[in-house]
2 protein chains.
Amino acid sequence: MKARIIVTLKTGVLDPQGKAIEAALKSFGIDGVEGVRQGKVFDVEVASPDAATAEAALKSACEKLLANTVVENYAIEIA
Amino acid sequence: MKARIIVTLKTGVLDPQGKAIEAALKSFGIDGVEGVRQGKVFDVEVASPDAATAEAALKSACEKLLANTVVENYAIEIA
């Protein structure tokens with residue numbers, strides 16, 4: 001079973017990397033960019049009998065390792 | 001206009017970071033994980049009159065800066 005986990009910074013958390021990308025895009029002449037926030041994506045292959053079991057395992061993975069829940073949100077999409 | 005860009009490694013490109021995450025998940029006792037590939041996500045706020053203009057600007061951003069198209073694929077989702 002394939003799943004995609006997207007980890008993004010919570011609203012209000014400063015994102016200097018995103019700011020740097022925004023500035024770089026402007027210097028490349030790309031117009032109209034008003035904000036960039038960078039996050040991480042994990043494409044995970046899980047062997048589970050059903051989607052609920054897979055989601056539970058991935059939730060545990062996010063809480064323990066993949067996301068810092070103090071400053072980051074995560075979203076799990078089971079394909 | 002909000003857009004999300006997802007940059008992932010092409011199939012066949014080695015992903016040592018993903019392998020390390022997979023090993024770490026196993027050591028945390030999370031069962032059933034058979035593969036992890038890590039990528040990047042960019043949440044971009046674009047000021048554009050329409051979705052087509054926004055998509056063209058973001059495509060240019062991906063080609064010039066956000067993705068290394070030799071080893072990475074990108075996908076643009078306009079919200």
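I will try to describe carefully the structure that is included in this document. Every value quoted in this text rests on a predicted model; they were computed, and no experiment measured them. (Residues numbered from 1 in each chain as written. Chains lettered and ligands numbered in written order. Predicted model: local features only at pLDDT ≥ 70, side-chain atom pairs only at ≥ 80, totals over all residues. Heavy atoms only, no water.)

### What about the layout of surface pockets?
A probe matching the size of a water molecule, rolled over the atoms, marks out where space remains unfilled. Taken as a whole, the largest pocket holds about 280 Å³ of empty space. A:G35, A:V36, A:R37, B:D43 and B:E45 are the residues nearest the centre of the largest pocket, which is lined by 16 residues in total. Sorting the residues of the lining of the largest pocket by element identifies α1 (16-27) and β2 (33-46) of chain A together with β1 (2-9) and β2 (33-46) of chain B as the ones contributing at least two each. Ranked by the residues each element gives to the lining of the largest pocket, the list is headed by β2(A), at four residues. (1 Å grid on protein atoms, 1.4 Å probe; cavity = no way out; pocket = protein on both sides within 12 Å on 5 of 7 lines; lining within 4 Å. Points joined across faces, edges and corners; volume = space filled by probe spheres on them. Helix = DSSP H or I, 4+ residues; strand = E, 2+ residues; numbered from the N terminus.)

### Notes on the interface of chain A and chain B
At the junction of the two partners, chain A supplies 32 residues and chain B supplies 32 residues. Regarding the contact of chain A and chain B, the summed buried area is about 2700 Å², with carbon and sulfur atoms giving 67% of it. For the pair chain A and chain B, the interface holds ten residue pairs in polar contact (both at pLDDT 80 or more). Broken down by secondary-structure element, the contributors of at least two residues to the side of chain A that touches chain B are β1 (2-9), α1, β2 and α2 (51-66) of chain A. Per element, the largest residue contribution to the side of chain A that touches chain B is 14 residues, and it comes from β2(A). Residues belonging to the side of chain A that touches chain B are distributed by class as follows: 18 nonpolar, six polar and eight charged. Bridging between β2(A) and β2(B) involves 13 bridges; their strand directions are antiparallel. Residue pairing for β2(B): A:V33 is matched across the bridge by B:V46. (Contact = heavy atoms within 4.5 Å. Buried area = accessible area lost by both parts, 1.4 Å probe. Polar contact = N/O pair within 3.5 Å; in protein donor to acceptor, adjacent residues only side chain to side chain. Nonpolar A, V, L, I, M, F, W, Y, C, P; charged D, E, K, R; others polar. Pairing = 2+ DSSP bridges.)

### Here we look at the pattern of salt bridges
All told, the structure shown has ten salt bridges over all chains when counted by the stated rule. As a salt-bridge pair, A:K2 and A:E45 come within 3.1 Å of each other at their nearest N and O atoms. One end of the pair, A:K2, is in strand β1; the other, A:E45, is in strand β2, and 43 residues separate them in sequence. Look at A:K2 and you get exposed, because its relative accessible area is 54%. In this structure A:E45 comes out as partly exposed when scored by relative accessible area, which is 25%. Two residues, B:E22 and B:K19, come together in a salt bridge whose shortest N-O distance is 3.9 Å. With B:E22 and B:K19 both in helix α1 (residues 16-27) and three residues apart, the pair spans about one turn of that helix. With a relative accessible area of 55%, B:K19 lands in the exposed category. In the salt-bridge network here, residues are joined through shared partners; they are A:K19, A:E22 and A:K26. (Salt bridge = Lys/Arg side-chain N within 4 Å of Asp/Glu carboxyl O. Buried < 20%, exposed > 50% of the residue type's maximum accessible area, 1.4 Å probe, protein only.)

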